[in-house]
Amino acid sequence: MTRAYLAICAIFRDESAYLAEWIAFHRLIGVDHFVLYDNGSRDQPERVLAPYLDDGSVTLRDWPVPFHQYAQRDAYADCIERTRNGVRWLALIDIDEFLFSPASPTLPPVLERYEEYPAVVAHWQIYGSSNQAQASATPVIERFQRRAPTDWVRNRKVKSILSPARTVRPLGMGCHHFEYEHGALAVNERREPVRRKPRKRYKNALKRFYPQLAPFWNFFNLDPYSGTDISTRNIVVDQLRINHYPVKSRQEFLKKAQYKREKRRYEGVDYFAYHDRNDVFDPVLDRYLPGLRDALDR
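The shown structure was predicted, so the numbers you read here are calculated from the model rather than taken from an experiment.

Draft legend 1. The nonpolar core, seen in detail. Trp22, Phe25, Leu36 and Ile161 are the most contacted members of the largest nonpolar core, which has 57 residues in total. Filtering out sequence-adjacent residues up to four positions away, Ile161 remains in contact with Leu6, Trp89, Leu90, Ala91, Leu99, Leu111, Ala119, Val120 and Leu240. One finds Tyr76, Ala119, Cys175 and Ile230 within the second-largest nonpolar core, a separate group that totals 26 residues.

Okay, here's the thing in structure tokens:
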């Protein structure tokens, strides 16, 4: 691949229905290249990716490692090594996550302010189903426009935009955080250092009570799905933000959950009910819809 200022790395499985929109959107916000790891898809992603493979904007790698055997961690480590000398910023996100800046139409001018740091993190803003039961060909960012409150505990999760040249390795299986050279730390958009804080004792202590406590997780603002936290308390999404669509419609969630059960991801607390937050109407990505539609038409 040619040198790129901003690239994205992602691992995916059976998400062909979403790849074109996801790539087209991130090209609009200034992403130069995509390194994608196919984790055993059965829905022929090569057909959707063909135009991007032809123009060189996508590198596709076969990655048939069982997901629970650290497939994501090892894919990220592989991507960091492959882009170490050719990419200035590498964002490591999923296909159901849309990275952007509320303050700028494109990301490179924002990232230029963080050149001195090995990485900058972006918080989630989680979107629910918008009370939609069925799948649709309408773009994800147009269909789902209702989200959880900004300060909801699950929005404390971050994803990393890092310098491959200064990154040592991913930390943990979840791969939201990384180790950097010389003990340096990532920062948030306010330039506050961000440390990864395990909280497995809290999570494991409550695990046995998942079914009984399920109705109260959101009431008490608890996160039953995360074994780690971060050192900074504030959820700040003025300069960098990730719109995260973990459930979409009920129909799409049930399709995804069929194979996700191999990770036991959706056992215990009702994953759909927990993430189906529609408290705030926030069509923040509407400004990209005209350009997105044009790109998809082409």
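Draft legend 2. Focus on unusual backbone geometry. Phi is positive for Asp14, close to 55°, though the residue is something other than glycine. Structurally, Asp14 is set in the loop between β1 (4-12) and α1 (16-28). Residue Asp14 is classed as buried on the basis of its relative accessible area, which comes to 18%. Notably, Gln44 is not glycine yet its phi reads approximately 55°, a positive angle. Mapping Gln44 onto the fold places it in the loop between β2 (33-38) and α2 (45-54).

Draft legend 3. Summary view of the packing of α1 against helix α10 (residues 289-297). Remark: α1 packs on α10, axes separated minimally by 9 Å, with the N-to-C direction vectors making an angle of 125°. Judged by the inter-axis angle, α1 sits oblique to α10. In this structure, the crossing between α1 and α10 has a hand that is right-handed. On α10, the residues that touch Ala20, Glu21, Ala24, Phe25 and Leu28 of α1 are Gly291, Leu292, Ala295 and Leu296. Its residues assigned to classes, the contact of α1 with α10 shows seven nonpolar, one polar and one charged.

Draft legend 4. The arrangement of the state of the cysteines in detail. Counted according to the given criterion, the structure contains zero disulfides. The thiol sulfur of Cys9 is not disulfide-bonded, and the nearest other cysteine sulfur, from Cys79, lies at 3.3 Å. Cys9 sits in the buried class, given a relative accessible area of 0%. When its relative accessible area of 0% is taken as the criterion, Cys79 is described as buried.

Draft legend 5. Region of the structure containing the pattern of salt bridges. Tallying each qualifying case throughout the model produces 16 salt bridges. Between Arg13 and Asp14 there is a salt bridge, with the nearest N and O atoms lying 4.0 Å from each other. The same class applies to Arg13 and to Asp14, which are both buried. The residue Arg73 makes a salt bridge to Asp74 at a minimum N-O spacing of 3.0 Å. Among the residues examined, Arg73 registers a relative accessible area of 29% and is labelled partly exposed. Residue classification places Asp74 among the partly exposed positions, given a relative accessible area of 30%. Each member of the salt-bridge network shares a partner with another, and the members are Arg13, Asp14 and Arg42.

Basis of the calculations
- Residues numbered from 1 in each chain as written.
- Predicted model: local features only at pLDDT ≥ 70, side-chain atom pairs only at ≥ 80, totals over all residues.
- Heavy atoms only, no water.
- Core = buried A, V, L, I, M, F, W, Y, C linked by side-chain atoms within 4.5 Å.
- Buried < 20%, exposed > 50% of the residue type's maximum accessible area, 1.4 Å probe, protein only.
- Contact = heavy atoms within 4.5 Å.
- Helix = DSSP H or I, 4+ residues; strand = E, 2+ residues; numbered from the N terminus.
- Axes fitted to C-alpha atoms, helices over the stretch in contact; angles between N-to-C directions.
- Parallel < 35°, antiparallel > 145°, perpendicular 65-115°, else oblique.
- Left-handed = near helix turned anticlockwise from the far one by under 90°.
- Nonpolar A, V, L, I, M, F, W, Y, C, P; charged D, E, K, R; others polar.
- Disulfide = S-S within 2.5 Å.
- Salt bridge = Lys/Arg side-chain N within 4 Å of Asp/Glu carboxyl O.

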